[in-house]
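# Summary of the model geometry
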Amino acid sequence: MDLNAVLEVAIGLAMMYLLLSLFVTVVNEALARVLKIRGANLRAGLERIMGKENKLVFDSMPLIRSIAQASGSHLYDHLPKETYVQTVMQQLRAGGALADGAADVIGAGIDRLPEGTFKDVLLAAKHEAGDDLIALESRIGGWFDASMAHVQAAYQRKLHLISLVVGVVLAGVLNADTFHVANVLWRDPTVRKAVVATAEGVVAKPPVDAKGVVLITPDEIRSNLGGLPVGWGNGAPERFWASPVFTVLGWLFSGVALALGAPFWFDLLGTFVKIRGSASKV
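Structure report, in brief.

What counts and how
Residues numbered from 1 in each chain as written. Predicted model: local features only at pLDDT ≥ 70, side-chain atom pairs only at ≥ 80, totals over all residues. Heavy atoms only, no water. Helix = DSSP H or I, 4+ residues; strand = E, 2+ residues; numbered from the N terminus. Buried < 20%, exposed > 50% of the residue type's maximum accessible area, 1.4 Å probe, protein only. Contact = heavy atoms within 4.5 Å. Core = buried A, V, L, I, M, F, W, Y, C linked by side-chain atoms within 4.5 Å. Phe/Tyr/Trp six-rings, centres within 6.5 Å; stacked < 30°, edge-to-face > 60°. Salt bridge = Lys/Arg side-chain N within 4 Å of Asp/Glu carboxyl O. Expected span 1.5 Å × (residues − 1). Polar contact = N/O pair within 3.5 Å; in protein donor to acceptor, adjacent residues only side chain to side chain. Patch = residues over 30% accessible without salt bridge, like charges linked within 9 Å, V, L, I, M, F, W, Y side chains within 5 Å. Areas by Shrake-Rupley, 256 points an atom, 1.4 Å probe, with all protein chains shown as cover. Axes fitted to C-alpha atoms, helices over the stretch in contact; angles between N-to-C directions. Parallel < 35°, antiparallel > 145°, perpendicular 65-115°, else oblique. Nonpolar A, V, L, I, M, F, W, Y, C, P; charged D, E, K, R; others polar.

## Concerning the side chain of T25
Inspection of the secondary structure puts T25 in helix 1 (residues 3–35). Judged by its relative accessible area of 16%, T25 falls in the buried class. When residues no more than four places from it in sequence are discounted, the contact partners of T25 are G212 and V214.

Shown next as structure tokens:
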């Protein structure tokens, strides 16, 4: 077996997955904006950790109303920890007598909350902090960070599922059949060499950063895809009807690969290119 050819096929597949993953990222961002997925996820997360009744009061506070107005929707998609803590403290102070001590006002505010996890957490934090309101705020902030980590994980799972669906659909629309692409690359050294040359250029100018932000235009993505055997030309419809099940499996395989994300495939492509470069010097 020609190990150099195997590596070049892997480079070609990794580049295809990288470039198509960039399209998936763009589609995901558009869907997230249109469907307000991040805002809906944040709202659901806050309702879970605070309770619906407390969340309604929370949203009525001036700071949160200003954030909602700035976002143009009640589904604001970002909430700094400092803002959350400050708003909760204002919520607890509401209705407190001015003559009472600050710690007593906060304690009375906690007592007025409906029974539930939110009240239990604040009671425990108040017990640990005593009359030290700065320590209380620190504990509320720590609890918020821990809770938001779970909310963010749930959001990432939703995005991953969306990426999988978008990836499979995109693979079908573009006829990005992993098995066919691998077969052509394996059998045609000329195509393989051209794709490797393109991959070296892609690695030299990163198309995506570590956070998954796309750094190149759709036209550049299409241009780099041009040398790969994807699309519906060159007898693709005939190949599909000759073996539709096998083709659909190739699309599904591609869709699963695309769901891994562009940063993953960029790192792997760079590794493959580096290994090939080192091997060619030996």
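## Here we look at unusual backbone geometry
Even without a glycine there, the phi angle at K36 is positive, about 55°. Here K36 lies in the loop between helix 1 and helix 2 (37–50). By relative accessible area, which is 36% here, K36 ends up partly exposed. Residues other than glycine seldom take positive phi values, yet N234 does so here, at roughly 55°. By secondary structure assignment, the location of N234 is in the loop between helix 11 (218–225) and helix 12 (236–242).

## Description of the nonpolar core
Here is a general trend for soluble globular proteins: nonpolar side chains tend to be buried in one another's company. One finds I11, M15, M16, L18, L20, L22 and L269 to be the most contacted residues of the largest nonpolar core, which totals 41 residues. Tallying contributions element by element places helix 1 first for this core, with 14 residues. In contact with I11, other than residues within four places in its own chain, are V196, A199, L269, F272, V273 and R276. Counting residues in each nonpolar core, the second largest holds 30 residues, with L46, A68, M89 and A103 among its members.

## Examining the environment of I64
On the secondary structure map, I64 appears in helix 4 (residues 62–71). Each C-alpha atom, one on I64 and one on H74, is 9.3 Å from the other, the two residues being ten residues apart in sequence. For I64, the contacting residues outside a window of four places in its chain are F58, D59, Y76, L79, T83 and T87.

## Things to note about the packing of aromatic side chains
Counted under the stated rule, the structure contains eleven aromatic pairs. Among the aromatic residues, ring-to-ring pairing joins W232, F240, W241 and W251 into one connected group.

## Re the pattern of salt bridges
Inspection of the entire model under this criterion finds eleven salt bridges. As a salt-bridge pair, K126 and D131 come within 3.9 Å of each other at their nearest N and O atoms. For D131, a relative accessible area of 62% corresponds to the exposed category. The partner of R139 in a salt bridge is E128, and the shortest N-O contact between them spans 2.9 Å. Of this pair, R139 sits in helix 8 (residues 133–173) while E128 is found in helix 7 (residues 117–129), placing the two residues eleven residues apart along the sequence. On the basis of relative accessible area, E128 is assigned to the exposed category, the value being 53%. Members of the salt-bridge network, linked through shared partners, are E8, R192, K193, E200 and R276.

## Comments concerning helix 10 (residues 189–204)
When the terminal C-alpha atoms of helix 10 are compared, their 23 Å separation across 16 residues agrees well with the 22 Å that a helix rising 1.5 Å per residue should span. With a side-chain oxygen positioned 3.0 Å from the backbone nitrogen of T190, the residue opening helix 10 is D188.

## Topic: helix 2
Because each turn of an α-helix spans 3.6 residues, side chains separated by three or four positions end up pointing in the same direction. The terminal C-alpha atoms of helix 2 lie 20 Å apart, and with 14 residues this matches the ideal 20 Å at 1.5 Å per residue to within 8%. Among the residues of helix 2, those classed as buried are I37, G39, N41, L42, G45, L46, I49 and M50. Buried residues belonging to helix 2 abut helix 1, helix 3 (52–60), helix 5 (81–93), helix 7 and helix 8.

## Remarks on the side chain of H180
Among the secondary structure elements, H180 is positioned in helix 9 (residues 178–187). Residues contacting H180, with those up to four places away along its chain left out, are P229 and R239.

## Quick notes on a nonpolar patch on the surface
Residues V245, F246, V248, L249 and L252 make up a contiguous nonpolar surface patch of about 430 Å² in total accessible area. Looking at where L252 falls in the secondary structure, it is placed in helix 13 (residues 244–258).

## Some words on the environment of A257
Note that A257 resides in helix 13. As a C-alpha pair, A257 and G167 span 90 residues in sequence and 8.1 Å in three-dimensional space. Other than its neighbours up to four places away in sequence, A257 contacts Y17 and W265.

## Quick word on the packing of helix 3 against helix 4
In the contact formed by helix 3 and helix 4, the axes pass within 5 Å of each other and the chain directions differ by 75°. In terms of orientation, helix 3 lies roughly perpendicular with respect to helix 4. Contacts from F58, D59 and S60 of helix 3 reach helix 4 at P62, I64 and R65. Residue classes in the contact of helix 3 with helix 4 are distributed as three nonpolar, one polar and two charged.

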